[in-house]
Amino acid sequence: APPKRRPSRIRNPAWFDPHEGAPHRMTRFIIRRLLSSIPVLLGIIPLVFILARVIPGDPCTATYGEKATPELCAQFAVRYGLNKPIYEQFVIYLGAIAQGDLGSSIRFGRPVAEILLERLPVTVELTVVALIFASVVGITLGLLSATRRNSPVDVATMIRSISSARRPAASRAWRAAATARSLAF
């Protein structure tokens, strides 16, 4: 007797079955990703708090410069809770974050959430334009590389993609920001 063959996924794709298909796997994937971001946030929150406290210099002096007087700095410390013990400042910080209060910008004197929402449309626009640009260039170069194997275009694309993948993400972000600044002016 011939050996039994497993049913092909091509003839019976899983995404047709509502009980085991791709939508359920995608939902599980998204939930896993969201849950895995919780430890990252729990690590970033104390890190940001600590970094904000260990920056050299006095926040009052940094804000007011030469106009900073001892009385003004005392009022500043009371207003921003800098006169309280560090553990109490951290508890207040956690409570504010849990309520969605990102604080107010010392520089602009406005709520940080308001500033972020104000700049969100430009950020989304830049993201969409970058995604479209990257997709057009990537698909075009991918098609050229696929149709002209081992050509100069293929080799250059391969070298560029490998060298980009080897650089740290922070380096790529810095380079992208520098390029964007040069194009903006």
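Every value quoted in this text rests on a predicted model; they were computed, and no experiment measured them. (Residues numbered from 1 in each chain as written. Predicted model: local features only at pLDDT ≥ 70, side-chain atom pairs only at ≥ 80, totals over all residues. Heavy atoms only, no water.)

In this fold, Asp 154 is placed in helix H6 (residues 152-166). Within the buried set, Asp 154 has no salt-bridge partner at all; the shortest N-O distance to an opposite charge, 5.4 Å, is to Arg 149. Residues within four places of Asp 154 in sequence aside, it is in contact with Ser 145, Arg 148 and Arg 149. (Helix = DSSP H or I, 4+ residues; strand = E, 2+ residues; numbered from the N terminus. Buried < 20%, exposed > 50% of the residue type's maximum accessible area, 1.4 Å probe, protein only. Lys, Arg positive; Asp, Glu negative; His and termini not counted. Salt bridge = Lys/Arg side-chain N within 4 Å of Asp/Glu carboxyl O. Contact = heavy atoms within 4.5 Å.)

Our focus in this paragraph is the pattern of salt bridges. The full count for this structure, using the stated rule, is 2 salt bridges. Across the pair Arg 110 and Glu 114 runs a salt bridge whose closest N-O atoms are separated by 3.0 Å. By relative accessible area, which is 41% here, Glu 114 ends up partly exposed. As a salt-bridge pair, Arg 110 and Glu 118 come within 2.6 Å of each other at their nearest N and O atoms. Under the relative-accessibility criterion, Arg 110 is labelled partly exposed at 26%. By relative accessible area, Glu 118 is classed as partly exposed at 46%. Beyond isolated ion pairs, a larger network of salt bridges with shared partners links Arg 110, Glu 114 and Glu 118.

Moving on to the state of the cysteines. The tally for this structure, following the rule as stated, stands at 1 disulfide. The disulfide partner of Cys 60 is Cys 73, and the gap between their sulfur atoms is 2.3 Å. Given an S-S torsion of about -85 degrees, the disulfide between Cys 60 and Cys 73 has left-handed geometry. Of the two residues, Cys 60 is situated in helix H2 (residues 59-64) and Cys 73 in helix H3 (residues 70-79); the sequence distance between them amounts to 13 residues. (Disulfide = S-S within 2.5 Å.)

What follows deals with a nonpolar patch on the surface. A grouping of Leu 117, Leu 120, Val 124, Val 128, Ile 132 and Val 136 is seen on the molecular surface, where their side chains present a nonpolar patch of about 540 Å² in accessible area. On the secondary structure map, Val 128 appears in helix H5 (residues 112-147). Under the relative-accessibility criterion, Val 128 is labelled partly exposed at 41%. (Patch = residues over 30% accessible without salt bridge, like charges linked within 9 Å, V, L, I, M, F, W, Y side chains within 5 Å. Areas by Shrake-Rupley, 256 points an atom, 1.4 Å probe, with all protein chains shown as cover.)

The next thing to look at is the packing of H5 against H6. Closest axis-to-axis distance for the H5/H6 pair is 8 Å, and the angle between their directions is 130 degrees. One way to sum up the angle between H5 and H6 is to call them oblique. For H5 against H6, the interelement crossing comes out left-handed. Where H5 approaches H6, its residues Leu 141, Leu 144 and Ser 145 are matched on the opposing element by Val 153, Asp 154 and Thr 157. Class assignment of the residues belonging to the contact of H5 with H6 gives a composition of 3 nonpolar, 2 polar and 1 charged. (Axes fitted to C-alpha atoms, helices over the stretch in contact; angles between N-to-C directions. Parallel < 35°, antiparallel > 145°, perpendicular 65-115°, else oblique. Left-handed = near helix turned anticlockwise from the far one by under 90°. Nonpolar A, V, L, I, M, F, W, Y, C, P; charged D, E, K, R; others polar.)

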